[in-house]
Amino acid sequence: MPMESVWENDQRSILHTMYSGIWTWSELHHHNRTVVEPLLQASASPVAMILNMSEAFWVMPGSVLQNLKRSILNYAHYDIDIIVFVSELDGVRALMETVHRRFGAKDRIYLVARTSEEAKEIIHQYRVGV
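As the structure is a computational prediction, the values presented were derived from the model and not from experiment.

Explanation requested: the overall build of the chain in the structure shown.
The helix and strand tally for the chain stands at four helices and five strands. Mapped from its N terminus to its C terminus, the chain presents α and β elements in the order β-β-α-β-α-β-α-β-α. In terms of overall size, the chain behaves like a compact globule, its C-alpha atoms giving a radius of gyration of 14 Å where 130 residues would be expected to give roughly 14 Å. Over its C-alpha atoms, taken along the principal directions, the chain stretches across nearly 40 × 30 × 25 Å. Looking at the chain as a whole, 45% of its 130 residues are labelled buried. Put simply, of all contacts in the chain between residues at least 6 apart along the chain, 76% involve residues at least 24 apart.

Below, the structure is given as structure tokens:
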């Protein structure tokens, strides 16, 4: 499976989705609909999300912007306070942060990290400082 989503803690306040290998937009939207959205519906609020693309290959056919906007709209009504995108590639981090800050929910924080551990620390620092 090119995508997996797991809770990072017992409180179900941090949802970590890992993308690996080559995947399609159809697989992404299916995973969001059948895995991520039910987890968000059953969780305590607010939820922080880690979207880890460290092991993903960026060769998906189709419009990147159109598909990212679709994902943004699908998550708009959930109580998500912060999303951290994880990738070692500067271009991937810049793309995700820029698109989400431009088209994402205005009351949501979008940040980037190079590792999952750094993403967890960013969420911790954000929540301690809130």
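I tried to follow the sheet that holds strand E3 (residues 47-56) on my own but got confused; where do I start?
Backbone hydrogen bonds are what pair the strands of a sheet, in a parallel or an antiparallel way. Strand order in the open sheet formed by five strands is E1-E2-E3-E4-E5, and the pairing between neighbours is mixed. Two strands in the sheet have a free side with no partner beyond their single neighbour: strand E1 (3-7) and strand E5 (109-113). Going across the sheet, the axis of each strand differs from the next one's by a mean of 20°, ignoring polarity. The sheet contact formed by strand E4 (residues 80-86) and E5 spans five bridges and is parallel.

Calculation notes
- Residues numbered from 1 in each chain as written.
- Predicted model: local features only at pLDDT ≥ 70, side-chain atom pairs only at ≥ 80, totals over all residues.
- Heavy atoms only, no water.
- Helix = DSSP H or I, 4+ residues; strand = E, 2+ residues; numbered from the N terminus.
- Rg over C-alpha atoms; globule rule 2.2 N^0.38 Å.
- Buried < 20%, exposed > 50% of the residue type's maximum accessible area, 1.4 Å probe, protein only.
- Contact = heavy atoms within 4.5 Å.
- Pairing = 2+ DSSP bridges.
- Axes fitted to C-alpha atoms, helices over the stretch in contact; angles between N-to-C directions.

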